[in-house]
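What follows is the residue order along each chain.
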Amino acid sequence: GALKEGIPIYTDTVTIFNKYESQTGDIYWYPHVLSGVDLIIDKAANVAKTGLDSADTANLHVKYHFVEGNKMVGNKPYLPPKEWEKQPNDDLPESITFASGDFFMQGEYAETPILDSDYANRVDGGFYDYINKRHDYVFLITTVGGPYTLIPHFEIGGK
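Residues numbered from 1 in each chain as written. Predicted model: local features only at pLDDT ≥ 70, side-chain atom pairs only at ≥ 80, totals over all residues. Heavy atoms only, no water.

Of regular secondary structure, the protein chain possesses three helices and ten strands. Working note: accessible area of the protein chain is about 9200 Å², and carbon and sulfur atoms make up 50% of it. (Helix = DSSP H or I, 4+ residues; strand = E, 2+ residues; numbered from the N terminus. Areas by Shrake-Rupley, 256 points an atom, 1.4 Å probe, with all protein chains shown as cover.)

Below is the structure:
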């Protein structure tokens, strides 16, 4: 890829997985593929600092724009986490949020809701564990900066 001298170039694709817990305690993941984002993975610095291969961190820059007063991320409206959770279940795949407890991965994943318990077995402790064991560059969201207004974007930290 191109050298990134600290200037986001917005050429990456990631999938954000929004976590939703139903009133019955079932956990669902709602995947959203976002292209035109900037994903900065800091591997070398972390290995040098901690000596741990698993210490990857990521910084994800996601642009937003306005359509009729709504903040849009890609083609979906952005909602703050609590507002996103309050929606009727059928509406969850139609919007996006960024919250701790959610995760993202580099690349595309099918945009179909996932029942976490389908992936909880002797090998995997749920869907996040399943994905994390099978894919590189999978990050739990640890910080959410924004929405910033001067240059309309979010900065999402992951580890």
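Roughly 190 Å³ of internal volume is contained in the largest pocket. Across the lining of the largest pocket, the residue classes break down as three nonpolar, three polar and four charged. (1 Å grid on protein atoms, 1.4 Å probe; cavity = no way out; pocket = protein on both sides within 12 Å on 5 of 7 lines; lining within 4 Å. Points joined across faces, edges and corners; volume = space filled by probe spheres on them. Nonpolar A, V, L, I, M, F, W, Y, C, P; charged D, E, K, R; others polar.)

Strands in a sheet are paired, the pairing made by backbone hydrogen bonds, and the direction either parallel or antiparallel. Pairing is antiparallel in the open sheet, where three strands are placed in the order 4-5-6. A strand with exactly one partner marks an edge of an open sheet, and here the two such strands are strand 4 (65-67) and strand 6 (76-77). Across two bridges, strand 5 (residues 70-73) lies against strand 6 in antiparallel orientation. Residue pairing for strand 6: V73 is matched across the bridge by K76. (Pairing = 2+ DSSP bridges.)

Here we take up the nonpolar core. By size, the foremost hydrophobic cluster in this structure holds 18 residues, and its most contacted members are L34, L60, V62, V73, F98, F104 and I156. Only strand 1 (12-21), strand 2 (27-42), strand 3 (57-63), strand 9 (138-148) and strand 10 (153-158) provide two or more residues apiece to this core. Within the second largest apolar cluster, eight residues are counted, among which are W29, F103, M105 and V138. (Core = buried A, V, L, I, M, F, W, Y, C linked by side-chain atoms within 4.5 Å. Buried < 20%, exposed > 50% of the residue type's maximum accessible area, 1.4 Å probe, protein only.)

What follows covers unusual backbone geometry. Across the junction of G146 and P147, the peptide omega takes the value 10°, indicating a cis bond. Along the chain, the position of P147 falls in strand 9. Here Y10, not a glycine, exhibits a phi torsion of approximately 50°, which is positive. For Y10, a relative accessible area of 17% puts it in the buried group. The backbone of E68 sits at a positive phi, close to 50°, despite the residue not being glycine. With respect to the helices and strands, E68 occurs in the loop between strand 4 and strand 5.

Describing an aromatic ring pair means giving the distance of the ring centres and the angle of the ring planes. Counted according to the given criterion, the structure contains 18 aromatic pairs. Consider the rings of W29 and F103, whose centres lie 5.0 Å apart with planes at 70°: the pair is edge-to-face. Residue W29 is found in strand 2, and its partner F103 is found in strand 7 (residues 103-106); the two are separated by 74 residues along the sequence. On the accessibility criterion, F103 (0% relative accessible area) is buried. Ring pairs connect the aromatic residues F17, W29, F103, Y109, Y119, F127, Y128 and Y130, which therefore count as one cluster. (Phe/Tyr/Trp six-rings, centres within 6.5 Å; stacked < 30°, edge-to-face > 60°.)

Honestly, it's all geometry; don't read function into it.
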